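# What the coordinates show
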Amino acid sequence: MSNQESSNQLSTSSDCPLEAGVRGIQRITARTAQVGGGIAVNRLMPSRQRRTIGAWCFLDHAGPAVFETKAGLRVGPHPHIGLQTFTWMIKGEVLHRDSLGNVQVVRPGQVNLMTAGRGITHTEESLAQEHHLHAAQLWIALPESDKDCAPAFDHYPDLPTWSVGGLQATLLAGSFAGRTAPGRFYSPLVGIDLRCDDTAVATLSLDPQFEYGILPLEGAFSINGQTFASDELAYLGRGLNDVTLQAFGASRGLLLGGVPFTEEIHLWWNFVAHDKAEIAEALHAWSSHDLQRFGDVEGFDGERLIAPEFVWPRA
Ligand code: MN
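About the criteria used
Residues numbered from 1 in each chain as written. Predicted model: local features only at pLDDT ≥ 70, side-chain atom pairs only at ≥ 80, totals over all residues. Heavy atoms only, no water. Helix = DSSP H or I, 4+ residues; strand = E, 2+ residues; numbered from the N terminus. Rg over C-alpha atoms; globule rule 2.2 N^0.38 Å. Buried < 20%, exposed > 50% of the residue type's maximum accessible area, 1.4 Å probe, protein only. Contact = heavy atoms within 4.5 Å. Areas by Shrake-Rupley, 256 points an atom, 1.4 Å probe, with all protein chains shown as cover. Lys, Arg positive; Asp, Glu negative; His and termini not counted. Charge placed at Lys NZ, Arg CZ, Asp CG, Glu CD. Phe/Tyr/Trp six-rings, centres within 6.5 Å; stacked < 30°, edge-to-face > 60°. Lys NZ or Arg CZ within 6 Å of the ring centre and 35° of its normal.

From N to C terminus, the chain includes 2 helices and 26 strands. Over its C-alpha trace the chain gives a radius of gyration of 19 Å, about what one expects of a compact globule, namely 20 Å for 315 residues. Its C-alpha atoms put the chain at 55 × 50 × 35 Å along the principal axes. Counting only residues that meet the buried cut, the chain has 56% of its 315 residues in that class. Sequence separation of 24 or more characterises 74% of the internal contacts of the chain that already satisfy a separation of 6 or more. When the accessible area of the chain is evaluated, it comes to approximately 13100 Å², of which 46% is carbon and sulfur surface. With 23 positive and 35 negative side-chain charges, the chain shows a spacing of 3 Å between the two charge centroids.

On to the packing of aromatic side chains. Scanning all chains against the criterion turns up 13 aromatic pairs. Note that Arg-27 overlies the ring of Phe-228, its terminal NZ or CZ placed 4.0 Å from the centroid. The ring of Tyr-235 carries the charged tip of Arg-50 above its face, separated from the ring centre by 3.5 Å.

Rendered as structure tokens:
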């Protein structure tokens, strides 16, 4: 998906404190954002309150939405640098195309992972006969040592699953409780989908080196005794050995974690960069149709996205 927020403010990783603090769990509410086509999403990160959880630096929750034929997601060719895009599909089917020549439908229970590295272009669209979309799309910041890596695309149809205390868990990224998800990541992180059809209560072991957040996607969870509804992100901070989740009916949530990402990064439009020059260079390459940098997407019927005006805030 694409960041089309009109403000397009630069977001830096130093804007938010590392710890949730002694007050307990930080509660971050979603705002509405447009990503293309008839679909509005709930955006949790970056927000004024929280920019990153580990290297997870962008979090959109799309749907659950029901729409007329051809009124679904439709995001024209746009570039990315310095990040991985991570798409977790819950309902509906979305077609991905990219400048490496990949054409891949992502279906419920599957992950698409695109590594932008130095530069890639892609499109995303709901299939022609599709009426549903429920998905999470996240970005993962690449550390400076890997930001210029070669672009890549991977599709993961099979992910580790298990059950704990009435919750059905799917490991989306990283390692957890002796299991490892298939994707390649560039910093220690984890992502888990948790769902239940009825009441559940489970205590999950955590890595005290990681900071964590939990986002209910449907229903609600009590997290260490505090209730969080759908689209309320609970930021737990770090230093925890476990977390207790309780659901009182059908619910679904996303647990995200990682070693705090301490590098200073900037998010502007669809770019993650370590300094202003990197953004300016990528913007120039995109605006001047530099095919060597960003390539081209074949087969998408529509216009490439135009970058907003580049404004760097005064110090
Ligand atoms: Mn995108």
